[in-house]
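The residues making up each chain are set out below.
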Amino acid sequence: MRAGLTICMIVALATNRSIAQVPIDPVWTRLVPSSSHVTRLALDHSTDRLHLAFQPGPADPHTYIRAFNTDGSDVPPPYTVLTLGTFLPVTITTGYPFYRDEPLRLLAQSDTLYFIDHYVGQLDDVSWYRSARITLDSATTFSMHTGGGPQVDVHHDQFGDITVSPTVIRNFSNHHWLMGRAIVPTTDRIAADEMRIYCGRVPNIIALDRSSMTLLSPLVVPSSGSSTRTLLMLTNDVINYASVNSNLTMDIGAVDTAGTVIWSSIVTLPQTTTLTGIVGDALGNVWISGSQSVSPQTGILYRFNAMGAQTGNYTFGRTIDDIVCSGDTVFLSGWDAVDPTMVYLAAFATDMTTAIGSYGQGQLRIYPNPASTELRVDGLSPGTSRLTV
């Protein structure tokens, strides 16, 4: 913490941790005018900037991508707001105007955005999808794949680009050449490294050779139902997965790239839930986000540690469309159910344990860190704790 802030605590802590559902209390929130109720969020770790994609209005042919710093402040021009122009495929000859239906996916790396957007004909309801990348310095857009079929994911790393339709994966080189394509089982979100692409749905996580685009033996993981959506994340040869099932259960777990299941867990969902994100934080925790179909719609957020123990169960009075993480802070975006003309971007501080003994680190949360004019502490026991600043 910065000089001038000294924290002393005497705290009585319970032995057993509770994972009862608690409301999210954001460190900060930004509201942005929009009536589309759909957002996508990306974090560029090289610049520490957040990028929020949204549509100002349901018939507006533009998607806006607005940049924020991780403290919630605006990024100065020219990166403040990027407007994606109307895109009309030359193969569509009806002459009907198109509008963007919603942004579907957004990633950010080294001042380059990778995104999927969806267009719908205003008169004939013809759909068109595009996976593309845009370089922020030059505002140059390159379309990697366009077509009338749905596209669900896009991936970029130092080895090239990958675009994903529900049953087709295309692999591109760094020089934008199509290296190969493969027909795969239904896929919602992929994970990839230099050698392999991982796709499919629980219980069978499909491994695909990235060079030859041939299917390999699947990684079989435990399943408690029929998956309707599976999200994957790959970190250090470990694949974390989250899968929502038709019987209102969620399978969450980790399997290594050799197929050994490290841990698995089942969460019973109170109602129909749309699975929206999976990320890892600097402490090795896995975060899973979603939105529940209630009125008003409610966001949910779960946290599991690296050993598979559930350590967080949170609810939010807004939808959660997307989630990213920097350090041990989670950033969320979605529709502000309180004001239907707004979408939001919010920061949620996870456990911050500076100057707290190890016995209390699972119970206390201190934010922001570093602090200058305000400090918040959660987890103190009333009547038995003392906070001195």
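This is a predicted model, so every value here is computed, not measured. The residue count restarts for each chain, going from 1 along the sequence in the order it is written. Only residues with pLDDT of 70 or above have their local features reported here, since the model is predicted, and side-chain atom pairs are shown and tallied only from 80 upward, although totals for entire chains, interfaces and linings are computed over all residues. Excluding hydrogens and water, the side-chain values take into account all heavy atoms of the structure.

**Student:** What is the right way to read the pattern of salt bridges from this model?
**Tutor:** Should the charged atoms of two oppositely charged side chains come close, the side chains can pair. Within this document, salt bridges are pairs made up of a side-chain nitrogen of Lys or Arg and a carboxyl oxygen of Asp or Glu, the two lying within 4 Å of each other. Taken as a whole and assessed by the stated rule, the structure comprises nine salt bridges. For the salt bridge of R66 with D74, the shortest nitrogen-to-oxygen distance reads 3.1 Å. The class of R66 is buried, set by a relative accessible area of 18%. Here D161 ties to R133 by a salt bridge, and the two come within 2.3 Å at their closest N and O atoms. Of this pair, D161 sits in strand β13 (residues 160–165) while R133 sits in strand β10 (residues 127–135), placing them 28 residues apart in sequence. Burial classification: accessible surface area is computed with a 1.4 Å probe over protein chains only, and a residue below 20% of its type maximum counts as buried, one above 50% as exposed, and the rest as partly exposed. Helix and strand definitions here come from DSSP, where helices need a minimum of 4 consecutive H or I residues and strands a minimum of 2 consecutive E residues; each element is numbered from the N-terminal end.

**Student:** Sorry if this is basic, but what is going on with empty space enclosed by the protein here?
**Tutor:** Picture a little ball the size of a water molecule; that probe, rolled over the atoms, points out where space is still empty. Using protein atoms alone on a 1 Å grid, points that fit a 1.4 Å probe yet trap it form a cavity, whereas open point sets bounded by protein on both sides within 12 Å along at least five of seven lines form a pocket; residues with an atom within 4 Å of a point count as lining. Grid points are joined across faces, edges and corners, and a volume is the space filled by probe spheres set on the points. Evaluated as defined, the whole model comprises one cavity of 30 Å³ or more. Roughly 30 Å³ of internal volume is contained in the largest cavity. A53, T63, I65, L84, P103, R105, L106, F115, I116 and D117 are the residues that line the largest cavity. Those elements that provide at least two residues to the lining of the largest cavity are β6 (63–69), β8 (98–109) and β9 (112–121). In this classification, the charged set is Asp, Glu, Lys and Arg, the nonpolar set is Ala, Val, Leu, Ile, Met, Phe, Trp, Tyr, Cys and Pro, and all remaining amino acids, among them Gly, are polar. The class makeup of the residues in the lining of the largest cavity is seven nonpolar, one polar and two charged.

**Student:** Which parts of the structure should I look at to understand the sheet that holds strand β28 (residues 322–326)?
**Tutor:** Sheet strands pair by backbone hydrogen bonding; their relative direction is either parallel or antiparallel. In this description, strands pair whenever DSSP reports at least two bridges between them. Ordered in space as β3-β30-β29-β28, the four strands form an open sheet in which the pairing is antiparallel. The strands lining the two open edges of the sheet, one partner per strand, are β3 (28–33) and β28. In this sheet, neighbouring strand axes are inclined to one another by 15 degrees on average, regardless of whether the strands run parallel or antiparallel. The pairing of β28 with strand β29 (residues 329–335) spans five bridges and is antiparallel. Across the sheet, C325 pairs through a bridge with V330, a residue of β29. Each axis is a line fitted through C-alpha atoms, and for a helix only the stretch in contact is used; angles between axes span 0 to 180 degrees, taken between their N-to-C directions.

**Student:** Can you walk me through the packing of aromatic side chains in this structure?
**Tutor:** Note on aromatic pairs: each is described by the distance of the centres and the angle between the planes. When the centres of two rings from Phe, Tyr and Trp lie within 6.5 Å, Trp using its six-membered ring, the rings pair. Their planes under 30 degrees apart give stacked, over 60 give edge-to-face, and anything left gives tilted. Tallied over the entire structure, the rule returns seven aromatic pairs. Considering the side-chain rings of W28 and F331, the 6.1 Å spacing of their centres and the 45 degrees angle between planes classify their relative orientation as tilted. Note that W28 is positioned in strand β3 and F331 in strand β29, a separation of 303 residues in sequence. For the pair formed by W28 and F331, the shared burial category is buried. Here the aromatic rings of F316 and Y344 are separated by 5.5 Å at their centres, their planes lie at 80 degrees, and the arrangement is edge-to-face. Within this pair, whereas F316 is found in strand β27 (residues 310–316), its partner Y344 is found in strand β30 (residues 342–349), the two being separated by 28 residues in sequence. Taken together through their ring pairs, the aromatic side chains of W287, Y314 and F348 make up a single cluster. Here, a charge over a ring means that NZ of Lys or CZ of Arg falls within 6 Å of the ring centre while also lying within 35 degrees of the ring normal. Positioned above the aromatic ring of Y344 is the side chain of R318, whose terminal nitrogen or guanidinium carbon lies 5.2 Å from the ring centre.

**Student:** Just checking my understanding: could you explain the pairing of strand β5 (residues 49–54) for this structure?
**Tutor:** The two faces of a sheet get side chains in turn, since along a regular strand they alternate between them. Of all the six residues making up β5, six are buried; the element is thus mostly covered by neighbouring parts of the structure. Burial along β5 is two-sided: R49, H51 and A53 facing one way and L50, L52 and F54 facing the other are all buried. With six bridges joining them, strand β4 (residues 39–44) and β5 adopt antiparallel strand pairing. Each bridged residue has a counterpart across the sheet, and for L43 the counterpart in β5 is L50. Hairpin remark: β4 followed by β5, antiparallel, with four residues in the connecting loop; positive phi at D48, about 60 degrees. Note that β5 and β6 share six bridges and pair antiparallel. Bridged to L50 within β6 is F68.

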